[in-house]
Amino acid sequence: MSRNYYMAGNWKMHLTRTEASQLAQDLVKQLGDGKHKYLIAPSFTLLETVSAVVENSNIRLGAQNCAPEEQGAHTGEVSVLQLKDLDVQTIILGHSERRHIYKEDDALINKKVKLALKHGFEVILCIGELLEERETGKVEEVCERQTVKGLEGVNAEDLHNVVIAYEPVWAIGTGKTATPQDAEAVHAFVRKVIARLYGEDAASKIIIQYGGSVKPDNAAQLMAMENIDGALVGGASLKTDTFIPIAKFKS
Ligand code: 13P
């Protein structure tokens, strides 16, 4: 496979500055000789602290969201300009917790995707179905819609800065992981959607991560699948004991 594995930690709403600094320092030390692409995405309030720690390392700095506008009267929001100022390189958008808890729809997510790409960020666009959507046979319909609408108006050039993360909602934080075969089927399907939109070459290059209860004991089996190119890890990314074995999984 010509695609490089991309192993990312989404710290969600966890850790204080002291804890975040310690974890980032430990990761810099332990992933220094790692062979894959790495990212950690702390809360906004931790970005400045973590940015100083990962500077000049092989770990990218990610944010978990951004506002759909560059600046202005948007109380409580954080803009791409502010994220750039902290040397953030990547923005996670469309996470299921944003979609389902904070009611972000495809149009809003698409606006954020385009703004982040315009400002030169890498975007990790998260997609994935709810349990009832899986049970009623709607996995492909949902993942196709979220991919197509999330990328509306994104040109082929900017697609180079897009990573897709397939995160079945029922697998997030539940300890239930999609089987490697079930995940692979969705990844292959999403790659076909990208081929239809951008052509075979773009589809063969795009990185598609899997997320949802990735742990040290299931990472290698998931990563062994043809169309799974990395992981977006939540809970297990908060401790080196669990994140390092995932990030350095043995194929
Ligand atoms: P868990 O690894 O805790 O299931 O979270 C996955 C996730 O949502 C990463 O973005």
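Participant: Please explain the packing of aromatic side chains as it appears in this structure.
Facilitator: Two numbers describe a pair of aromatic rings. These are the distance of the centres and the angle of the planes. Per the stated rule, a full pass over the model turns up 2 aromatic pairs. Centroid distance tyrosine 5 to phenylalanine 249: 5.0 Å. Interplanar angle 85 degrees. Geometry classified as edge-to-face. Of the two residues, tyrosine 5 is situated in the segment before strand E1 (6-10) and phenylalanine 249 in the segment after helix H12 (240-247); the sequence distance between them amounts to 244 residues. With a relative accessible area of 18%, tyrosine 5 lands in the buried category.

Participant: How should I be thinking about the pattern of salt bridges in this particular structure?
Facilitator: It is possible for side chains of opposite charge to pair when their charged atoms get near one another. Enumeration according to the criterion identifies 16 salt bridges in this entry. The residue glutamate 122 makes a salt bridge to arginine 60 at a minimum N-O spacing of 3.5 Å. Separated by 62 residues along the polypeptide, glutamate 122 in strand E5 (residues 122-127) and arginine 60 in strand E3 (residues 59-63) bring together distant segments of the chain. For arginine 191, the salt bridge goes to aspartate 229, with nearest N and O atoms at 2.8 Å. Placement of the pair is arginine 191 in helix H9 (residues 180-198) and aspartate 229 in the loop between helix H11 (219-223) and strand E8 (230-233), with a sequence separation of 38 residues. Across the pair, aspartate 229 and arginine 191 agree in class, each one buried. Among the charged side chains, a network of salt bridges with common partners joins Arg3, Arg191 and Asp229.

Participant: Could you clarify how one ought to interpret the site of the ligand in this entry?
Facilitator: For the ligand, the set of nearby residues contains 13 residues, the closest of which are Lys12, His95, Gly173, Ser213 and Gly235. Between glutamate 167 and the ligand, the recorded distance is 2.9 Å, taken from a side-chain N or O atom to an oxygen atom. Contacts to the ligand include glycine 173, whose backbone N or O atom sits 2.6 Å from an oxygen atom. Its free accessible area being 300 Å², the ligand has 97% of it covered by the protein chains. Per-class residue counts for the shell around the ligand are 4 nonpolar, 7 polar and 2 charged.

Participant: How should I be thinking about a negative patch on the surface in this particular structure?
Facilitator: Side chains of Glu48, Glu55, Asp85 and Asp87 sit close together on the surface and give a patch of like negative charge. Locating aspartate 87 in the fold gives a position in the loop between helix H3 (80-85) and strand E4 (90-93).

Participant: Got a minute to help me understand the confidence of the model for the chain in this structure?
Facilitator: Parts of the prediction with low pLDDT should not have their coordinates interpreted in detail. Looking at the chain, the pLDDT average stands at 97 and 100% of residues meet or exceed 70. For the chain, per-element mean pLDDT is lowest for helix H6 (residues 131-135), which scores 95, and highest for E4, which scores 99.

Participant: How do you make sense of unusual backbone geometry when you look at a structure like this?
Facilitator: It is generally the case that most residues other than glycine have a negative phi and that most peptide bonds are trans. Even without being glycine, lysine 12 reaches a positive phi, approximately 50 degrees. Looking at where lysine 12 falls in the secondary structure, it is placed in the loop between E1 and helix H1 (17-31). If you check the backbone angles, serine 213 has positive phi at about 55 degrees while not being a glycine. Looking at the secondary structure, you find serine 213 in the loop between strand E7 (207-211) and H11. A relative accessible area of 9% places serine 213 in the buried class.

About the cut-offs
- Residues numbered from 1 in each chain as written.
- Predicted model: local features only at pLDDT ≥ 70, side-chain atom pairs only at ≥ 80, totals over all residues.
- Heavy atoms only, no water.
- Phe/Tyr/Trp six-rings, centres within 6.5 Å; stacked < 30°, edge-to-face > 60°.
- Helix = DSSP H or I, 4+ residues; strand = E, 2+ residues; numbered from the N terminus.
- Buried < 20%, exposed > 50% of the residue type's maximum accessible area, 1.4 Å probe, protein only.
- Salt bridge = Lys/Arg side-chain N within 4 Å of Asp/Glu carboxyl O.
- Near = heavy atom within 4 Å.
- Polar contact = N/O pair within 3.5 Å; in protein donor to acceptor, adjacent residues only side chain to side chain.
- Areas by Shrake-Rupley, 256 points an atom, 1.4 Å probe, with all protein chains shown as cover.
- Nonpolar A, V, L, I, M, F, W, Y, C, P; charged D, E, K, R; others polar.
- Patch = residues over 30% accessible without salt bridge, like charges linked within 9 Å, V, L, I, M, F, W, Y side chains within 5 Å.
- Lys, Arg positive; Asp, Glu negative; His and termini not counted.
- Charge placed at Lys NZ, Arg CZ, Asp CG, Glu CD.
- pLDDT = per-residue confidence, 0-100.

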